[in-house]
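Architecture and fold: a report
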Amino acid sequence: MEGKDEQRAGLLHGIGAYGMWGLVPLFWPLLKPSGAAEILAHRMVWSLAVVGVILLVLKRWAWIGVLVRRPRKLALITAAAAVITVNWGLYIWAVNSDHVVEASLGYFINPLVTIAMGVLLLGERLRPAQWIAVATGFAAVLVLAVGYGHPPWISLVLAFSFATYGLAKKKVDMGGLESLAAETAVLFLPALGFLIWLGARGETTFTSGGGAGHGLLLASTGLVTAIPLIAFGAAAIRVPLSTLGLLQYLAPVFQFALGVAYFHEEMPPERWAGFALVWVALTLLTWDALRTARHGRAEALRLATTVATTGATVPPAAATGRGIAAPTGPPSEN
């Protein structure tokens, strides 16, 4: 019973995390007249403040000394911080410039880009279904390029930057809160310097954009960043990765629905066709991942039974299997 309660709590945390990331396009327009660069700088500064308080309460500081003594890990954190800066900044600009649908496409195709990067950069091998999914995704980009009259650059930059961020995070192998604290610590001084520069030029909106209420909204960007991440962390330790992999599609689904139904962005037939191809690719990818996971569990059970009855040793290759599953990736930190 306790295990079921834990899984139910994890599922609710996961839905909450991805639901909040999916609804975040409703928040960024509230920060106008602040520009994307100023919003981004505030997000960096206030995120560090919020995460720092959480880590202080939890007394989780030991990782800092370990990180400082490992230059390679610190370099990866710096690279991750640089890439997520591009991702966050472009996403905020896209939402506040009426490109919510195109931004959502970036997170739809992110799993396909992650798989392609695994092949190109890590030499991973794909199963046939994964090859078909990637090829279908590529066809979707071509169809959307026709629909937009140009390649969907916002989607592609968001997808590739977030996939690169995920690759760096995988190499760093740190907890969500610790990783966010380290990344925002790297970004803190440049972000604070930019805000001071804006203030010196009289161009800041922190106090002049709408009074104290606007300043509080800008400060709340730290909470908007940290709260979904905490919920995701609670989900990650309670539910299987395959479940998280399915939940990750909630965010772009909500973003797409908001773009079409709330922001009333145009969706001509060519764009519907492109999105349909992306959804076909993701359906195929998800089916293949679930099938492979079931096969893996069945094979593990068979091997365990064999070991128990015969005392044989299981070869490492047989225990780990081949191929790569559909990536769950890091949380969509929009």
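How each quantity is defined
- Residues numbered from 1 in each chain as written.
- Predicted model: local features only at pLDDT ≥ 70, side-chain atom pairs only at ≥ 80, totals over all residues.
- Heavy atoms only, no water.
- Helix = DSSP H or I, 4+ residues; strand = E, 2+ residues; numbered from the N terminus.
- Buried < 20%, exposed > 50% of the residue type's maximum accessible area, 1.4 Å probe, protein only.
- Contact = heavy atoms within 4.5 Å.
- Areas by Shrake-Rupley, 256 points an atom, 1.4 Å probe, with all protein chains shown as cover.
- Salt bridge = Lys/Arg side-chain N within 4 Å of Asp/Glu carboxyl O.
- pLDDT = per-residue confidence, 0-100.
- Phe/Tyr/Trp six-rings, centres within 6.5 Å; stacked < 30°, edge-to-face > 60°.
- Axes fitted to C-alpha atoms, helices over the stretch in contact; angles between N-to-C directions.
- Parallel < 35°, antiparallel > 145°, perpendicular 65-115°, else oblique.
- Left-handed = near helix turned anticlockwise from the far one by under 90°.

**Comments concerning the overall build of the protein chain**
- Within the protein chain one finds 14 helices and 0 strands.
- When the helices and strands of the protein chain are listed from N to C terminus, the series reads α-α-α-α-α-α-α-α-α-α-α-α-α-α.
- The 334 residues of the protein chain split such that 45% are buried.
- Across the protein chain, contacts joining residues at least 24 apart in sequence account for 86% of those joining residues at least 6 apart.
- For the protein chain, the computed accessible surface area is about 16300 Å², with 71% contributed by carbon and sulfur atoms.

**Regarding the pattern of salt bridges**
- For the structure on display, the rule yields 4 salt bridges.
- Of the charged contacts, one joins Arg127 and Asp288 as a salt bridge, the two residues approaching to 2.8 Å between their closest N and O atoms. On the criterion of sequence distance, the pair formed by Arg127 in the loop between helix H5 (100–122) and helix H6 (128–148) and Asp288 in helix H13 (residues 269–310) is long-range, its members being 161 residues apart.
- Exposure remark for Arg127: the relative accessible area of 14% places this residue in the buried category.
- Take Asp288: its relative accessible area is 1%, and that puts it in the buried class.
- Salt bridges sharing partners connect three or more residues here, namely Arg127, Asp288 and Arg291.

**Points about the confidence of the model for the protein chain**
- Per-residue confidence for the protein chain gives a mean pLDDT of 83; residues scoring 70 or more make up 86%.
- For the protein chain, helix H14 (residues 316–320) is the element with the lowest average pLDDT, namely 48, and helix H12 (residues 250–262) is the one with the highest, namely 93.
- Note that residues 317–326 has pLDDT below 50 and, in this model, 17 contacts with residues that lie over four places away or in other chains.

**Focus on the packing of aromatic side chains**
- For the structure shown, the criterion picks out 16 aromatic pairs.
- Taking 6.2 Å as the distance between ring centres and 55° as the angle between the ring planes, the aromatic pair formed by Trp21 and Phe232 counts as tilted. With Trp21 in helix H1 (residues 2–23) and Phe232 in helix H10 (residues 221–236), this pair connects stretches of sequence that are 211 residues apart.
- Residue Trp21 is classed as buried on the basis of its relative accessible area of 2%.
- On the accessibility criterion, Phe232 (12% relative accessible area) is buried.
- Ring geometry for Phe256 and Trp279: centres 5.3 Å apart, planes at 85°, overall edge-to-face. Of the two residues, Phe256 sits in helix H12 while Trp279 sits in helix H13, which places them 23 residues apart along the sequence.
- An aromatic cluster is built from Phe108, Phe256, Trp272, Phe275 and Trp279, whose rings are joined through pairwise contacts.

**Quick word on the packing of helix H2 (residues 36–58) against helix H8 (residues 176–200)**
- At a closest axis distance of 7 Å, the pairing of H2 and H8 adopts a crossing angle of 135°. For the element pair H2 / H8, the angle class is oblique. Seen from above, H2 lies across H8 with left-handed handedness. Contacts from Ala37, Glu38, Ala41, His42, Met44, Val45, Ser47, Leu48, Val51, Ile54, Leu55 and Leu58 in H2 reach Leu177, Leu180, Ala181, Thr184, Ala185, Leu187, Phe188, Ala191, Leu192, Phe194, Leu195 and Leu198 in H8.

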